[in-house]
Amino acid sequence: MSDRVKEVVPDLIYAIRSTLKKHGVTFEEYGAAMQYLIRVQETGEAPLFVDAFFNATIVEIDNETRKGTQADIQGPYYLNSEAYQIISERLPHRPIDENAQDMVIRGQITDTDGNPLAGAELDIWHSTPDGLYSGVHDGIDAKYCRGRVITDAQGRYSVKSKLPVPYQIPNQGPTGELLEQHLGRHSWRPAHIHFWVRADGRRDLINQAYFENGEWVGDDCCETDHLDLVVPELIENGARVMEVSFALDPVLVVAAE
Ligand code: MBD
Ligand code: FE
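All figures in this text were calculated on a predicted structure; none of them were measured in a lab.

(A) Structural context of the coordination of the iron ion (ligand 2). Within the first shell, the iron ion (ligand 2) binds the protein through Tyr-133 (OH), His-192 (NE2) and His-194 (NE2), at distances of 2.0 to 2.1 Å. Each donor residue of the iron ion (ligand 2) belongs to the same chain, with the gaps between them written as Y-x58-H-x1-H.

So, in structure tokens, the structure goes:
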């Protein structure tokens, strides 16, 4: 790891220095940037800020060595493994979301040859129907809109939940402010469902599914263009069905030095 730091960090510093020189950055601007970074830290937006600008690049690199389903950005709101209880039927929702639009998320996990993977685990998380993440925003209990499902003998899973909506990065915060006020961009992500899929002998896959015809699909402020999983519109018994299947690559074998 420390060898990697020696390899990567000097290049990073060089790239930043070249940019500062190219634009003749002044003391005043240097100070403003410093204050900005302090604000990112103080508002707790460091994970959001880093993911908004750099997560998609790491995903791009990771995808170069995948033959199965391509990965997508994780985003800042996974929390940790302990936040995920095994769910057999439905992800918990807040009592106030009882009348929100129902959703079914279902699909199959296979290897890259199409063989079903039984006992694969999916951690699933998404926003509340009013665009908030549990355990992160407004003191919402971390159990809501999160859960772990296990595939059956055919590699299939199915879980109910409530429909998420497009997500706006808080625009009073430094990340949203940079996007909107200083870069002239917007701060919206299309509605999405996050997945972290694991199976024995397979490479972990972090992914997201999007809604066909959803607002901001293809115009994500986090610039992820891995929209392989834009799920066609399907309604069954009043519930929006999200058919989301994944083909998992074998674990990466790193060549010995
Ligand atoms: C999100 O919900 C998200 O998934 C990402 C990647 C960034 C900000 C908010
Ligand atoms: Fe998200």
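(B) Representation of the site of ligand 1 within the structure. Near ligand 1 you find Leu-48, Ile-73, Gly-75, Pro-76, Tyr-77, Tyr-133, Tyr-167, Arg-189, His-192, His-194 and Cys-222, and these make up its full shell. For ligand 1, the protein covers 100% of the area, taking 260 Å² as the surface of the free molecule. More than half of the atoms belonging to ligand 1 lie within 2 Å of the grid points that define the largest cavity. Classifying every residue of the shell around ligand 1 gives seven nonpolar, three polar and one charged.

(C) How the structure looks around a nonpolar patch on the surface. Taken together, the side chains of Leu-12, Ile-16, Leu-20, Val-25, Phe-27, Tyr-30, Met-34 and Ile-38 make up a nonpolar region of the molecular surface, amounting to roughly 810 Å² of accessible area. Counting residues per element, the ones that place at least two in the nonpolar patch are helix H1 (2–22) and helix H2 (27–42). Among the elements that make up the nonpolar patch, the one with the highest residue count is H2 (four residues).

(D) Just H2, in detail. With 16 residues, H2 extends 22 Å between its outermost C-alpha atoms, agreeing within 8% with the 22 Å of an ideal straight helix rising 1.5 Å per residue. Following H2 by one or two positions, Gly-44 has its phi on the positive side, about 75 degrees.

(E) Here's a closer look at the environment of Ala-153. For Ala-153, the position within the fold is in the loop between strand S3 (146–150) and strand S4 (156–162). Ala-153 gets classed as exposed once you look at its relative accessible area, which sits at 61%. C-alpha of Ala-153 to C-alpha of Gly-68: the two residues are 85 residues apart in sequence and 20 Å apart in space.

(F) How the structure looks around the pattern of salt bridges. On inspection of all chains with the given rule, the structure shows 17 salt bridges. Close ionic contact of Asp-62 with Arg-203 constitutes a salt bridge, the shortest N to O distance being 3.1 Å. With a gap of 141 residues between them, Asp-62 in helix H3 (residues 46–63) and Arg-203 in the loop between strand S7 (192–198) and strand S8 (205–211) connect regions that are remote in the sequence. Two residues, Arg-198 and Glu-121, come together in a salt bridge whose shortest N-O distance is 2.8 Å. Pair noted here: Arg-198 is in strand S7 and Glu-121 is in strand S2 (residues 121–126), with a separation of 77 residues, a long-range link. Within the structure, one salt-bridge network assembled from shared partners comprises Glu-121, Asp-123, Arg-148 and Arg-198.

Cut-offs used in this document
- Residues numbered from 1 in each chain as written.
- Chains lettered and ligands numbered in written order.
- Predicted model: local features only at pLDDT ≥ 70, side-chain atom pairs only at ≥ 80, totals over all residues.
- Heavy atoms only, no water.
- Donors = N, O, S within 2.8 Å, 3.2 Å for Na, K, Ca; no water.
- Near = heavy atom within 4 Å.
- Areas by Shrake-Rupley, 256 points an atom, 1.4 Å probe, with all protein chains shown as cover.
- 1 Å grid on protein atoms, 1.4 Å probe; cavity = no way out; pocket = protein on both sides within 12 Å on 5 of 7 lines; lining within 4 Å.
- Sits in = over half its atoms within 2 Å of the grid points.
- Nonpolar A, V, L, I, M, F, W, Y, C, P; charged D, E, K, R; others polar.
- Patch = residues over 30% accessible without salt bridge, like charges linked within 9 Å, V, L, I, M, F, W, Y side chains within 5 Å.
- Salt bridge = Lys/Arg side-chain N within 4 Å of Asp/Glu carboxyl O.
- Helix = DSSP H or I, 4+ residues; strand = E, 2+ residues; numbered from the N terminus.
- Expected span 1.5 Å × (residues − 1).
- Buried < 20%, exposed > 50% of the residue type's maximum accessible area, 1.4 Å probe, protein only.

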